[in-house]
Amino acid sequence: MNSLIRHSARCLRSVVFVAKPANVAVPGRLLCEAADTQKDLGEMVKKDKVVVFMKGTPAQPMCGFSNAVVQILRMHGVDNYAAYNVLEDQELRQGVKLFSNWPTIPQVYFNGEFVGGCDILLQMHQNGDLVDELKKLGIHSALLDSEKESK
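Quick summary incoming for the structure in this document. (Residues numbered from 1 in each chain as written. Predicted model: local features only at pLDDT ≥ 70, side-chain atom pairs only at ≥ 80, totals over all residues. Heavy atoms only, no water.)

**Overview of the nonpolar core**
The nonpolar side chains of a soluble globular protein tend to be buried, and buried together.
Item 1. Within the largest apolar cluster, 18 residues are counted, with the highest numbers of intra-cluster contacts made by Val50, Val52, Leu73, Phe110 and Leu121.
Item 2. Among the elements of the structure, strand 1 (50-54), helix 3 (64-75), strand 3 (107-110), helix 5 (118-127) and helix 6 (129-136) are those that each provide at least two residues to this core.
Item 3. Of all the elements, helix 3 adds the most residues to this core, at four residues.
Item 4. Not counting chain neighbours up to four residues away, the residues in contact with Phe110 comprise Lys49, Val50, Val115, Leu121, Met124, Leu130, Glu133, Leu134 and Leu137. (Core = buried A, V, L, I, M, F, W, Y, C linked by side-chain atoms within 4.5 Å. Buried < 20%, exposed > 50% of the residue type's maximum accessible area, 1.4 Å probe, protein only. Helix = DSSP H or I, 4+ residues; strand = E, 2+ residues; numbered from the N terminus. Contact = heavy atoms within 4.5 Å.)

**What about the pairing of strand 1?**
Item 1. Counted residue by residue, strand 1 has five buried out of five residues, so it is predominantly covered.
Item 2. Of the two faces of strand 1, the one holding Val50, Val52 and Met54 and the one holding Val51 and Phe53 are both buried throughout.
Item 3. Here strand 1 runs beside strand 3; their pairing, made up of four bridges, is antiparallel. The residue bridging Val51 from the neighbouring strand is Tyr109, located in strand 3.
Item 4. The sheet contact formed by strand 1 and strand 2 (residues 82-85) spans four bridges and is parallel. Residue pairing in the sheet places Val51 in a bridge with Ala82 of strand 2. (Pairing = 2+ DSSP bridges.)

**A short note on the packing of helix 3 against helix 5**
Item 1. At a closest axis distance of 9 Å, the pairing of helix 3 and helix 5 adopts a crossing angle of 30°. On the basis of their axis angle, the class for helix 3 and helix 5 is roughly parallel. Helix-helix and strand crossings are classified by hand; for helix 3 and helix 5 the assignment is left-handed. Contacts between helix 3 and helix 5 involve Phe65, Ala68, Val69, Ile72, Leu73 and Met75 from the first element and Cys118, Leu121, Leu122 and His125 from the second.
Item 2. Across the contact of helix 3 with helix 5, the residue classes tally to nine nonpolar, one polar and no charged. (Axes fitted to C-alpha atoms, helices over the stretch in contact; angles between N-to-C directions. Parallel < 35°, antiparallel > 145°, perpendicular 65-115°, else oblique. Left-handed = near helix turned anticlockwise from the far one by under 90°. Nonpolar A, V, L, I, M, F, W, Y, C, P; charged D, E, K, R; others polar.)

**Observations regarding the pattern of salt bridges**
Item 1. Throughout the structure, instances matching the rule amount to one salt bridge.
Item 2. A salt bridge links Lys136 to Glu133; its shortest N-O distance comes to 3.0 Å. Taken together, the positions of Lys136 and Glu133, both in helix 6 and three residues apart, correspond to about one turn of that helix.
Item 3. A residue is classified by how much of its surface remains accessible, and Lys136, at 62% relative accessible area, is exposed.
Item 4. Its relative accessible area of 26% is what places Glu133 among the partly exposed residues. (Salt bridge = Lys/Arg side-chain N within 4 Å of Asp/Glu carboxyl O.)

Here it is as structure tokens:
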């Protein structure tokens, strides 16, 4: 029920800012487009265990924060994840911000749940929470292996 309310509120918020001259009819489709985008995003974040919305690609990040997320995941041996380049699609870029209610890119999702951006992932990496969260996903962190080798 809460997700339905949040979804409806997001859809309404995105429509509130649409200005319309008095003599122009707004197609009913406009109201649904925001809902469709949110529905699509909901499916995208659940499709893979780890999903990253970023500027650029993992092979070629286009901002320092996106690069940091890629490097943190790489350090943990997480190479198999879905990455979406928001620079290629302005609707995706704005839609994901509304979807998560988080104003910045990159955005990281684990099993369909929003984790946070670069700062949150870095903090989780530094305090060890990322290893635990990856384990919940069935992903073994490569950092555990490097700790064993150094002992």
